[in-house]
Amino acid sequence: MSSEPPPPPQPSTQQASAGLLSTPHNRERSPSPLRGNVVPSPLPTRRTRTFSATVRASQGPVYKGVCKCFCRSKGHGFITPADGGPDIFLHISDVEGEYVPVEGDEVTFKMCSIPPKNEKLQAVEVVITHLAPGTKHETWSGHVVSS
């Protein structure tokens, strides 16, 4: 018994001459409408929102609501408007101030439509007005504060 590994098998002359081991296979791919194109994120962030949409949102009325949920790791959440209606989407880039919103925080916000169909709304210029009592709040830098 020897401790040396066995030598690698040598390709047969028929395989080597056919080029099976020398180059990877280049197969034909089916045509795809997305090949070669980068699909944009469907959610407009502060950086990707158009200037005109930003101006329209900043000139709009200020609404009040309560933070329904917010996930810092995912970067988004929802706001329940005080006047009722469907929940409004909230992106992390649109939160103003030093605290990460948590469930129950009272907020003020303005609204902007979400392209391409502009059927749904997104909260922009979100400001936490009252922290939810009895909850721990975290600053963006990671400092935890009890309220």
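Residues numbered from 1 in each chain as written. Predicted model: local features only at pLDDT ≥ 70, side-chain atom pairs only at ≥ 80, totals over all residues. Heavy atoms only, no water.

Identification of the chain as Calcium regulated heat stable protein 1 from Otolemur garnettii is taken from an unreviewed UniProt entry.

Engineer: So what exactly am I meant to see when it comes to the overall build of the chain here?
Structural biologist: Helix and strand content of the chain: two helices and eight strands. Helices and strands in the chain line up, N terminus first, as α-α-β-β-β-β-β-β-β-β. Counting across all 147 residues of the chain, residues that qualify as buried make up 24%. The long-range fraction of contacts in the chain, counting pairs at least 24 apart against all pairs at least 6 apart in sequence, stands at 54%. If you sum the accessible surface of the chain, you get close to 10,900 Å²; carbon and sulfur atoms cover 57% of it. (Helix = DSSP H or I, 4+ residues; strand = E, 2+ residues; numbered from the N terminus. Buried < 20%, exposed > 50% of the residue type's maximum accessible area, 1.4 Å probe, protein only. Contact = heavy atoms within 4.5 Å. Areas by Shrake-Rupley, 256 points an atom, 1.4 Å probe, with all protein chains shown as cover.)

Engineer: Looking at this structure, I do not really get the nonpolar core. What am I missing?
Structural biologist: Nonpolar side chains tend to gather and get buried jointly when the protein is soluble and globular. Counting residues in each nonpolar core, the largest one holds 12 residues, listed as C67, F70, I79, I88, L90, V95, V100, V107, F109, A123, V126 and I128. Mapped by element, the contributors of at least two residues to this core are β1 (63-71), β3 (88-91), β5 (106-114) and β6 (120-130). Top contributing element to this core by residue count: β6, with three residues. Residues within four places of I128 in sequence aside, it is in contact with Y99, V100, P101, D105, E106 and V107. (Core = buried A, V, L, I, M, F, W, Y, C linked by side-chain atoms within 4.5 Å.)

Engineer: Even after reading the chapter, I still don't get the confidence of the model for the chain, so can you show me in this structure?
Structural biologist: Low-pLDDT stretches of the model should not have their predicted coordinates read in fine detail. Averaged over every residue, the pLDDT of the chain is 77; the share at 70 or more is 65%. Taken element by element, the chain is modelled with least confidence in helix α1 (residues 13-18), mean pLDDT 54, and with most confidence in strand β2 (residues 76-81), mean pLDDT 94. (pLDDT = per-residue confidence, 0-100.)

Engineer: Hey, could you run me through the packing of aromatic side chains in this one?
Structural biologist: The description of two aromatic rings rests on the distance between their centres and on the angle between their planes. Under the criterion given, the structure shown has two aromatic pairs. When the ring of F78 is compared with that of F89, the centres are 5.9 Å apart and the planes differ by 75°; the resulting orientation is edge-to-face. Here the residue F78 occupies a position in strand β2, and F89 occupies one in strand β3, the gap between them amounting to 11 residues. Of the residues examined, F78 reaches a relative accessible area of 33% and is grouped as partly exposed. (Phe/Tyr/Trp six-rings, centres within 6.5 Å; stacked < 30°, edge-to-face > 60°.)

Engineer: I tried to follow the pattern of salt bridges on my own but got confused; where do I start?
Structural biologist: Should the charged atoms of two oppositely charged side chains come close, the side chains can pair. As enumerated under the stated definition, the model contains three salt bridges in all. The salt bridge involving K110 is made with E125; its shortest N-O contact spans 3.6 Å. Within this pair, whereas K110 is found in strand β5, its partner E125 is found in strand β6, the two being separated by 15 residues in sequence. Exposure remark for E125: the relative accessible area of 30% places this residue in the partly exposed category. (Salt bridge = Lys/Arg side-chain N within 4 Å of Asp/Glu carboxyl O.)

Engineer: Looking at this structure, how should I read the state of the cysteines?
Structural biologist: Among covalent bonds in proteins, the disulfide is the one between the sulfur atoms of two cysteines. Taken as a whole and judged by the stated rule, the model has zero disulfides. Free of any disulfide, C67 has its nearest cysteine sulfur in C69, 6.6 Å distant. What makes C67 buried here is its relative accessible area of 2%. (Disulfide = S-S within 2.5 Å.)

Engineer: Help me out: how do you make sense of the pairing of β5 in this one?
Structural biologist: Consecutive side chains of a regular strand alternate in pointing toward one face of the sheet and then the other. Inspection of the sheet shows β1 paired to β5 by four bridges, in the antiparallel sense. Across the sheet, G65 pairs through a bridge with V107, a residue of β5. Strand direction decides the pairing type here: β5 and β6, joined by eight bridges, are antiparallel. Bridge assignment links M111 to a residue of β6, and that residue is A123. As consecutive antiparallel partners, β5 and β6 are separated by five residues, and within that stretch N118 has a phi angle of approximately 55°, a positive value. (Pairing = 2+ DSSP bridges.)

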